[in-house]
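# Remarks on the overall topology
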Amino acid sequence: MDALTELNIIGLGVSGVLLAMACVKADRVRAWRAGINPSAPEVSDASFTVARVALGAMAGVGIWTCVQGFGVADDMAWSDGELTSAVRGATDDLDGYTYRTDQSGTPLYFDDYETLIRDKVTENGGGDAPSTGVTAEPAPANTDADAYFTVAANGTETSFCTHVVRARSKKDDYTPPGITGGEGTVTFPGYRLAVGTREGAC
């Protein structure tokens, strides 16, 4: 259970207490006050009416706020079905994905596999799925050529193991023209990914 949902449940509990206080009979309150402080002045019926209205209003506002909060919490949480569909879509998108690197081996189109997977899963989440909350935890022994990532998301205990294998793809190399318009001297190497996913953590 996420923190926002817990806060909403606490808010409903507080609102329930306020409603219960509004329903306490005036005679019971008077008897309780007299037992504690017999010399205390008598509380008028009008004061009890004002207190009941105030308590009821606060409880109503609290309940409305919590209901809205549950809606926000639902919008921020992934369901099992949403994550499953998104991971499958991301796997299809990334299997056969090609990209190039600079001379240092840094990809030109994304920061790293972790970011690429997370963005693709979020992108495939659909209209009802949250736009945040996806994680792609890399395995300790990962390399640029062979890597595993445990994909998970807020709101669900479902997880997936995504396996990424990188292969050199010379046909996807790119050599930009030189300054004078002739053949350039710098080539950006091309790579192709083979991606598969199974249910469960890596």
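Look up: the structure comes first, before these words.
Residues numbered from 1 in each chain as written. Predicted model: local features only at pLDDT ≥ 70, side-chain atom pairs only at ≥ 80, totals over all residues. Heavy atoms only, no water.

## Here's the deal with the overall build of the protein
Quick reminder of the rule: Counting from the N terminus, the helices are DSSP H or I runs at least four residues long and the strands are E runs at least two residues long. Taken over C-alpha atoms, the radius of gyration is set against a globule rule of 2.2 Å times the number of residues to the power 0.38. Between buried and exposed lies partly exposed: a residue is buried under 20% and exposed over 50% of the maximum accessible area for its type, with that area taken using a 1.4 Å probe on protein chains only. Residues count as neighbours in contact if any of their non-hydrogen atoms are within 4.5 Å of one another. All accessible-area figures derive from a Shrake-Rupley calculation using a 1.4 Å probe, and residue coverage is judged against the displayed protein chains alone. Asp and Glu count as negative and Lys and Arg as positive, but His and the ends of the chain are not part of the count. The atoms used to mark charge sites are NZ of Lys, CZ of Arg, CG of Asp and CD of Glu.
Counting its secondary structure elements, the protein contains 5 helices and 5 strands. Each helix and strand of the protein, placed in order from N terminus to C terminus, yields the pattern α-α-α-α-β-α-β-β-β-β. Computed over its C-alpha atoms, the radius of gyration of the protein comes to 30 Å, more than 25% above the 17 Å expected for a compact globule of 202 residues. Based on the C-alpha atoms only, the size of the protein along its principal axes is roughly 100 × 40 × 30 Å. Every one of the 202 residues in the protein was classed for burial, and the buried ones make up 31%. Considering only intrachain contacts with a sequence separation of at least 6, the fraction spanning at least 24 residues in the protein is 61%. When the accessible surface of the protein is summed, it comes to about 12300 Å², and 57% of that surface belongs to carbon and sulfur atoms. One way to put it: in the protein the 15 positive side-chain charges average out to a point 4 Å from where the 27 negative ones average out.

## What to know about helix H4 (residues 80-94)
Threshold: A helix is expected to span 1.5 Å multiplied by its residue count minus one.
Taking 1.5 Å per residue, 15 residues should reach 21 Å; H4 reaches 21 Å between its end C-alpha atoms and fits that length. Along H4, the residues classified as buried are Glu82, Leu83, Thr84, Ala86, Val87, Gly89, Ala90, Thr91 and Leu94. Considering only its buried residues, H4 is in contact with helix H5 (113-123), strand S3 (146-153), strand S4 (156-168) and strand S5 (190-199). Once H4 finishes, Gly96 follows within two positions and takes phi at roughly 95°, a positive value.

## Topic: the pattern of salt bridges
We apply this condition: A carboxyl oxygen of Asp or Glu within 4 Å of a side-chain nitrogen of Lys or Arg is what we treat as a salt bridge.
A complete count under the given rule lists 4 salt bridges for this structure. Arg118 is paired through a salt bridge with Glu114; the nearest N and O atoms lie 3.9 Å apart. Placement of the pair is Arg118 and Glu114 together in helix H5, with a separation of 4 residues, close to one helical turn. On the basis of relative accessibility, which here comes to 26%, the residue Arg118 falls in the partly exposed class.

## Examining a nonpolar patch on the surface
For clarity, the threshold we go by: Put simply, a patch holds well-exposed residues, over 30% relative accessible area, that have no salt bridge, with like charges counted together within 9 Å and Val, Leu, Ile, Met, Phe, Trp or Tyr side chains within 5 Å.
Where nonpolar side chains cluster on the molecular surface, the patch consists of Leu12, Leu19, Ile63 and Val67 and spans about 290 Å² of accessible area. Of all the secondary structure elements, the ones that give two or more residues to the nonpolar patch are helix H1 (3-23) and helix H3 (45-76). Turning to its location among the elements, Leu19 is positioned in helix H1. A relative accessible area of 37% places Leu19 in the partly exposed class.

## Describing the state of the cysteines
The condition is simple: Note on terminology: disulfide denotes any pair of cysteine sulfur atoms within 2.5 Å.
The final tally for this structure, using the stated rule, is 1 disulfide. Sulfur-sulfur distance for the disulfide between Cys161 and Cys202 comes to 2.0 Å. Because the torsion about its S-S bond is 110°, the bridge between Cys161 and Cys202 counts as right-handed. You can see Cys161 sitting in strand S4 and its partner Cys202 sitting in the segment after S5, a full 41 residues away along the chain. Overall, Cys161 belongs to the buried group, its relative accessible area being 3%. Classification of Cys202 as partly exposed rests on a relative accessible area of 43%.

## Digging into the packing of H4 against H5
For the record, the criterion: Interaxial angle, 0 to 180 degrees, is taken between N-to-C directions of lines fitted to C-alpha atoms, where a helix line uses only the stretch in contact. In this scheme, roughly parallel covers angles under 35 degrees and roughly antiparallel covers those over 145, while 65 to 115 is roughly perpendicular and the rest are oblique. In this scheme the handedness of a crossing depends on how the near helix is turned from the far one: anticlockwise by less than a right angle means left-handed, clockwise means right-handed.
For the pair H4 and H5, interaxial distance at closest approach is 7 Å and the crossing angle is 120°. In terms of axis orientation, H4 runs oblique to H5. As for the relative orientation of H4 and H5, their crossing is right-handed in sense. Here Leu83, Ala86, Val87, Ala90, Asp93 and Leu94 of H4 come into contact with H5, specifically with Leu116, Ile117, Lys120, Val121 and Glu123.

Honestly, it's all geometry; don't read function into it.
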